[in-house]
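Read off the chains here:
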Amino acid sequence: MPLQEWIHHWEEGAGARVLKLTAAILGFVAVAGLYQLLAYQSFASEEAMETAQLARNVSQGNGFVTHTVRPLAIYLLNGKTQKIPDITTPPIYPILLAGLMKALPMDFAATQYWSYGPERWIALFNQGLFFVAIVLLFRIARRLFDSRVAWLSAILFGCTNLYWRFTVSGLSTLWVVVVFLAMVMCLVRVAERIENPRIGWSALAGALAGLGGMTRYSFAWMIVPVLFFLAFGGRGSRGKHCAAAGLCFLIVIGPWVARNIVLTNTLFGTASYAIVQGTSPLEGDSLERSLNPKGALGRVEPLDVMDKFLANGREIWRNDLPRVGGNWIAGFFLVGLLMPFQGAARGRIRGFLVGSIVLLFIVQALGQTHLTEDLPEINSENLLVLLAPLTFVYGVALFYTFLDQLNMITAELRGAIVGVFLVLMSGPLIMSLLLGTTPAYYTSYSPMHIQKVARLMRPEELIMSDIPAGVAWYGDRDCSWLSSDDDREFFKINKLRTIKALYLTQRTSDERFLSRMVADSNSWGHFFFQCEAHLECEGHGEVPSGFPLTKAPTGFLPDQLLLSDQPRWRLPVKK
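### Looking at the packing of aromatic side chains
Scanning the model with the defined rule gives 31 aromatic pairs in all. Ring plane angle 15° and centroid distance 3.9 Å describe the contact between Phe 399 and Phe 421, whose orientation is recorded as stacked. With a gap of 22 residues between them, Phe 399 in helix α18 (residues 384–404) and Phe 421 in helix α19 (residues 411–425) connect regions that are remote in the sequence. As far as the burial class goes, Phe 399 and Phe 421 line up, both buried. Of the aromatic side chains, those joined through ring pairs into one cluster are Phe 28, Tyr 35, Phe 130, Phe 131, Phe 157, Tyr 163, Trp 164 and Phe 392.

Structure below.
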């Protein structure tokens, strides 16, 4: 190869593209390694633990059953308390994690108080999904705009701390982002051809909307903007495109919905009640802890749902929407809504994005539950974060539009401006890596401690705890949610299946003293306070009169409490 061709090959030809791709991969791997080393945190979300224990059950050939015993699920399943089919979590992400657990050498024995080996594997898996999402965003931006917008959009997305936090959260967010971006790519291909676009792209978009709904029920609403996109704009057989998308959506999601109807007479199991959770008659997680919610559900009125929507909508409008995606580039996107972009595809995709934001704003405000209260930002109910990567593309496009207006600046200065812009937008990630994370060695969700407690029980025995997902994931034991009270509701569950141990943690002991522990004599906080005041040594002391679990080991109070039907800590530990 002549020298001139060789130079062109590596500067502008195929070699240059290989170098850029290699640099991008190495850069991502370096940041991923640093994040795992400096900013990693173990699971803090109960829904992440729920998903992980489901995945383990599937990987071990036990079926789609859960170790977490929700009183509401018992009600919907007509009293079933053993080998409970999960009716809360959609199946796709647990199945993906089950495949990961089968393929990798995961050791489920806890060896540290603050870190758990399988969770690091899950974090690596999610980081791989994050890289796939970056590549998809790059391809979308390049088709809609040009290589400059594509590269900067992808780099900004990859340098957004919020998404790195999701990679180590154990949640399905990055997988749903991949599904969403793949769906957008299909719609871009449809929009590029004004006349007679291929119907296969529309069908695939509908199937991907169904796949997203099978990962997160709220995402199923995305079929609405997909159908509107196909019905309006462009030319050709719009009806056929809408029918193809709708049919594929139903083919993907329909069998699972039918399964839920057979089991529970509801479309989405316990998730069907999300719209009323958090209303004034059903505050917090009281609905899921209720063994017979008919009375409470009967007290919910339309105005209660409206109050919930307005209260949640106000917080989303004030906090989530202005910084959607955890990056200031969202401000450029919002300003860019006032500017027209040349090209039909750009305008149609932006209209689809705006419509999707409006729709998911409503769905998020109505569907928020106690999960958002527990972890306000890193939770599966944060729906706007799924759409945010596409806002990066339009925000960067506006940035370059402004930059191109500065005709007098040199190429070097232009590059410096882009570099400063990138550093400013990546500030939270940079600070996260510089400051690192200090692990909490003694929390409610300490893997080794929970596993030690759970191993006191035989596999067929039932525990009740205020961290049921943690006991199910780390301890691999059946664990009931705390009942609504420590009296009548407790004994109703105990009658259906005998509770052999009660494990309360800082989630209960840290409750407000006067307003929660003292005021409500039937609350578990009050129960904890009574026990803490009287239990003095192993196997002795006082618990509330008539409570069947009376044996307590030393070393738990004042932060935690373990009560059992017998002094199991004196018996051989069960594997």
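### Overview of the pairing of strand β7 (residues 561–564)
By the alternation rule, side chains of β7 split into Leu 561 and Leu 563 and Leu 562 and Ser 564, which are all buried. Where strand β6 (residues 499–504) lies against β7, 4 bridges are found, and the strand directions are antiparallel. The partner of Tyr 503 across the bridge, within β7, is Leu 562.

### Digging into the side chain of Ser 444
Looking at the element boundaries, Ser 444 is found in the loop between α20 (427–435) and α21 (447–454). For Ser 444, a relative accessible area of 10% gives the class buried. Of note is the side chain of Ser 444, whose polar atom sits 3.3 Å from the side chain of Thr 505. Those residues within four positions of Ser 444 in sequence are excluded, and the remaining contacts are Ile 450, Ile 467, Thr 505, Gln 506, Arg 507 and Gln 560.

### Quick word on the environment of Leu 562
Considering the arrangement of structural elements, one finds Leu 562 in strand β7. When residues no more than four places from it in sequence are discounted, the contact partners of Leu 562 are Val 453, Leu 456, Ala 501, Leu 502, Tyr 503, Lys 551, Ala 552, Pro 553, Phe 556 and Trp 569.

### Observations regarding the nonpolar core
In this structure, Phe 180 and Met 183 are the most contacted members of the largest nonpolar core, which totals 136 residues. At 17 residues, helix α9 (residues 173–192) tops the list of elements feeding residues into this core. Setting aside residues up to four positions removed in sequence, Phe 180 forms contacts with Phe 219, Met 222, Phe 352, Leu 386, Leu 387 and Leu 390. In this structure, Leu 72, Leu 462, Phe 547 and Leu 561 belong to the second largest nonpolar core, which totals 33 residues.

### Digging into a nonpolar patch on the surface
Taken together, Leu 334, Leu 337, Val 354, Val 358 and Ile 362 make up a surface patch of nonpolar side chains, about 360 Å² in accessible area. Counting residues per element, the nonpolar patch draws most heavily on helix α16 (residues 344–367), which supplies 3 residues. The residue Val 354 is located in helix α16 in this model.

### Thoughts on the sheet that holds strand β2 (residues 68–69)
Pairing within the open sheet is mixed, and its 5 strands lie in the order β2-β5-β4-β6-β7. The open sheet has two edge strands, β2 and β7, and neither has a second partner. Helix α23 (residues 488–496) rests against β4 (462–465), β5 (478–481) and β6 of the sheet, and its axis sits at about 140° to β6.

### Here's the deal with the packing of helix α15 (residues 329–336) against α18
Where α15 meets α18, the closest approach of the two axes is 7 Å, and the angle between their N-to-C directions is 75°. Regarding the angle of α15 to α18, the classification is roughly perpendicular. Contacts between α15 and α18 involve Ile 329, Phe 332, Phe 333, Val 335 and Gly 336 from the former and Thr 391, Phe 392, Tyr 394, Gly 395, Val 396, Leu 398, Phe 399 and Phe 402 from the latter. Its residues assigned to classes, the contact of α15 with α18 comprises 10 nonpolar, 3 polar and no charged.

### Details of the pattern of salt bridges
Two side chains that carry opposite charge are able to pair once their charged atoms sit near each other. Summed over the entire model, instances satisfying the criterion amount to 20 salt bridges. The partner of Asp 285 in a salt bridge is Arg 289, and the shortest N-O contact between them spans 3.5 Å. Three or more residues joined by partner-sharing salt bridges are found here, namely Arg 458, Glu 460, Glu 461, Lys 500, Asp 565 and Arg 568.

### Re helix α12 (residues 238–264)
The end-to-end C-alpha separation of α12 is 37 Å, in line with the 39 Å expected for 27 residues at 1.5 Å each. Most pronounced at Ile 253, the bend in α12 amounts to some 40°, and the proline Pro 255 follows within four residues. Along α12, the residues classified as buried are His 241, Cys 242, Ala 244, Ala 245, Gly 246, Phe 249, Ile 253, Trp 256, Val 257, Arg 259, Asn 260 and Thr 264. The inward-facing, buried residues of α12 abut α4 (71–76), β3 (84–85), α10 (199–213) and α11 (223–231). One or two positions beyond α12, positive phi appears at Asn 265, with a value near 60°.

### Here's the deal with helix α22 (residues 468–475)
The element α22 is largely enclosed, with a buried count of 8 among its 8 residues. Here α22 has its buried residues at Pro 468, Ala 469, Gly 470, Val 471, Ala 472, Trp 473, Tyr 474 and Gly 475. Directly beyond the C-terminal end of α22, a positive phi value near 55° is found at Asp 476.

### Concerning the pairing of β4
Two faces, one strand: in a regular strand the side chains alternate between the faces of the sheet. Across the two faces of β4 the burial is the same, with Leu 462 and Met 464 and Ile 463 and Ser 465 all buried. Here β4 pairs with β5 via 4 bridges, running parallel. Bridge pairing links Ser 465 to Trp 481 in β5. For the segment spanning β4, α22 and β5, crossover handedness is right-handed. With 4 bridges joining them, β4 and β6 adopt parallel strand pairing. Residue pairing across strands places Leu 462 opposite Ile 499, the latter belonging to β6.

Rules used throughout
Residues numbered from 1 in each chain as written. Predicted model: local features only at pLDDT ≥ 70, side-chain atom pairs only at ≥ 80, totals over all residues. Heavy atoms only, no water. Phe/Tyr/Trp six-rings, centres within 6.5 Å; stacked < 30°, edge-to-face > 60°. Helix = DSSP H or I, 4+ residues; strand = E, 2+ residues; numbered from the N terminus. Buried < 20%, exposed > 50% of the residue type's maximum accessible area, 1.4 Å probe, protein only. Pairing = 2+ DSSP bridges. Polar contact = N/O pair within 3.5 Å; in protein donor to acceptor, adjacent residues only side chain to side chain. Contact = heavy atoms within 4.5 Å. Core = buried A, V, L, I, M, F, W, Y, C linked by side-chain atoms within 4.5 Å. Patch = residues over 30% accessible without salt bridge, like charges linked within 9 Å, V, L, I, M, F, W, Y side chains within 5 Å. Areas by Shrake-Rupley, 256 points an atom, 1.4 Å probe, with all protein chains shown as cover. Salt bridge = Lys/Arg side-chain N within 4 Å of Asp/Glu carboxyl O. Axes fitted to C-alpha atoms, helices over the stretch in contact; angles between N-to-C directions. Parallel < 35°, antiparallel > 145°, perpendicular 65-115°, else oblique. Nonpolar A, V, L, I, M, F, W, Y, C, P; charged D, E, K, R; others polar. Expected span 1.5 Å × (residues − 1). Bend = angle between axes of the 7 residues up to and from the residue. Right-handed = clockwise from strand over helix to strand, strands pointing away.

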